[in-house]
Amino acid sequence: MQLIMLIDMDYFFVACEELRHPEIRGRPAIVGFDPKKGEGRGVVMTCNYPARKFGIRSGMAISAAYRIKPDAAYLPIDYDFYEKMSREVMSVVKAFADRFEQVSIDEAYIDVSKRAKEYDGALEYARKIQAAVKAETGLPCSIGISVNKLLAKMICEDAKPNGVKLLKDQDAKAFLKDKDLDELYGIGRKTKEKLEAMGYKKVADLAKANTMELMDQFGAYGLEMQRYANGIDESKVEENYEVKSISREKTFDADTTDIPTVTNAIAELSKEVGGEVRKNELNFKVITVKMRYSDFTEHLKSRSIRRTDELSELTRTAIELYTRYSSRTRKLRKIGVRVSELGKSHGQKKLGNFLK
Ligand SMILES: [Mg+2]
């Protein structure tokens, strides 16, 4: 039997902020754009459960949240900090996995089929993971356990916040039956409306729908949707290959458009990345420069080169990517240098030993 878990951090950005601002605990708190006394643009990125009690939700306009709860704690988005906490969480989780797939900054699937053979063992195992994450990072998470990724994700919704839930194979049909269409993974508002127009109301209706009719309307996705409605998902927990890279980032003390300041930072970061490459007897084929602007938009520019471990080549290419593609008008908040498509230059060191 396959045993899959989804580990999903609870109200992640706000939970991170609660670590360093304990005074906001238990109070409605929102991470998002500056509300500017109700005039601000942009959205709520995450809010905690006390804020949710007032009807505030992530994705909501920040001005709308402010109208509901002007005295909530409003905190600016600090991706650097959340990424750092995410790396800590993921390294804890990874140690519990046969296979590990990070799907976003705060979610990862793990395959634990070899480690937790039975359902009872799996529940206990998940509680152990949850406790380890809490003990080592201070952050709460919820865990859904089932026989595939789809069901693990859906049962995880029921486990929130700070819960662990198991959905057995034999219970999947009953669990899915009464769900609304848009509770099924992959179905958004538009698809739901279309399905309703076709006469389907619940996931159970979709499960026994006429497959040809679904495929007529939605193509291959129609078939996939029906398989989901029946609890079938054969996708594997895939180890993330794109994280097999080495990168360094720098946030400027003050947002800047000054070219020498930025190129100096790139040279410094390249040196650190290059040092890591050499230390691990690697080479690389792709160089990426990440530019994050003061409005939090982010641009990535990459170039493939001849496989090398040369620092001079890395530095030159990274600076070129920046000078060629950066915005001249917007201020840079952060710059990052990354190498990927790593290979071994000589020696036989194992990649797994140092990859994040
Ligand atoms: Mg989450």
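What counts, and where the lines are drawn
- Residues numbered from 1 in each chain as written.
- Predicted model: local features only at pLDDT ≥ 70, side-chain atom pairs only at ≥ 80, totals over all residues.
- Pairing = 2+ DSSP bridges.
- Helix = DSSP H or I, 4+ residues; strand = E, 2+ residues; numbered from the N terminus.
- Axes fitted to C-alpha atoms, helices over the stretch in contact; angles between N-to-C directions.
- Left-handed = near helix turned anticlockwise from the far one by under 90°.
- Contact = placed C-beta atoms within 7 Å.
- Nonpolar A, V, L, I, M, F, W, Y, C, P; charged D, E, K, R; others polar.
- Expected span 1.5 Å × (residues − 1).
- Buried ≥ 20, exposed ≤ 12 C-beta atoms within 10 Å, placed from the backbone.
- pLDDT = per-residue confidence, 0-100.
- Parallel < 35°, antiparallel > 145°, perpendicular 65-115°, else oblique.

Draft legend 1. Broad picture of the sheet that holds strand 8 (residues 164-166). Taken together, five strands build an open sheet; the order of strands is 5-6-1-7-8 and the sheet is mixed. On the outer flanks of this sheet lie strand 5 (99-104) and strand 8, each paired with one strand and no other. For this sheet, the mean angle separating the axes of adjacent strands, direction not counted, is 15 degrees. Of the pairings in the sheet, the one linking strand 5 to strand 6 (residues 107-111) comprises five bridges and is antiparallel in character.

Draft legend 2. Structural context of the packing of helix 12 (residues 259-279) against helix 13 (residues 311-325). Where helix 12 contacts helix 13, the two axes come as close as 9 Å, and the packing angle between them is 145 degrees. The element helix 12 and its partner helix 13 pack so that their crossing is right-handed. Residues V262, T263, I266, A267, S270, K271, V273 and G274 of helix 12 form the contact with helix 13, whose participating residues are L311, L314, T315, A318, I319 and Y322. A breakdown of the residues in the contact of helix 12 with helix 13 according to their chemical character gives nine nonpolar, four polar and one charged.

Draft legend 3. Just the environment of K192, in detail. As for its position among the elements, K192 is in helix 8 (residues 189-197). In sequence terms K192 and R99 are 93 residues apart; their C-alpha atoms lie 33 Å from each other.

Draft legend 4. Helix 12, seen in detail. For helix 12, with 21 residues, the first-to-last C-alpha span of 30 Å sits near the 30 Å given by 1.5 Å per residue. Inspection of helix 12 places V262, A265, I266, L269, S270, V273, G274 and V277 among the buried residues, and these make up the whole buried set.

Draft legend 5. Fine view of the confidence of the model for the protein chain. When pLDDT is averaged across the protein chain, the result is 90; 96% of the residues are at 70 or more. Note that pLDDT drops below 50 for residues 347-356; the model gives that stretch nine contacts with residues more than four away or on any other chain.

Draft legend 6. Seen up close, the sheet that holds strand 3 (residues 44-47). If you walk across this open sheet you meet the three strands as 3-2-4, and the pairing is mixed. The sheet terminates laterally at strand 3 and strand 4 (73-75), the two strands that pair on one side only. In this sheet, neighbouring strand axes are inclined to one another by 25 degrees on average, regardless of whether the strands run parallel or antiparallel. Looking at chain direction, strand 2 (residues 29-32) and strand 4 are connected through three bridges and run parallel. Looking at strand 4, one finds that V31 is bridged to L75.

Draft legend 7. Quick peek at the packing of helix 1 (residues 12-20) against helix 4 (residues 79-94). Relative to each other, helix 1 and helix 4 sit at 95 degrees, their axes nearing to 10 Å. Taken together, helix 1 and helix 4 sit at an angle that is classed as roughly perpendicular. Note on element contacts: helix 4 touches helix 1 through F81, Y82 and M85, opposite F12, F13 and C16. Residue composition of the contact of helix 1 with helix 4, grouped by class: six nonpolar, no polar and no charged.

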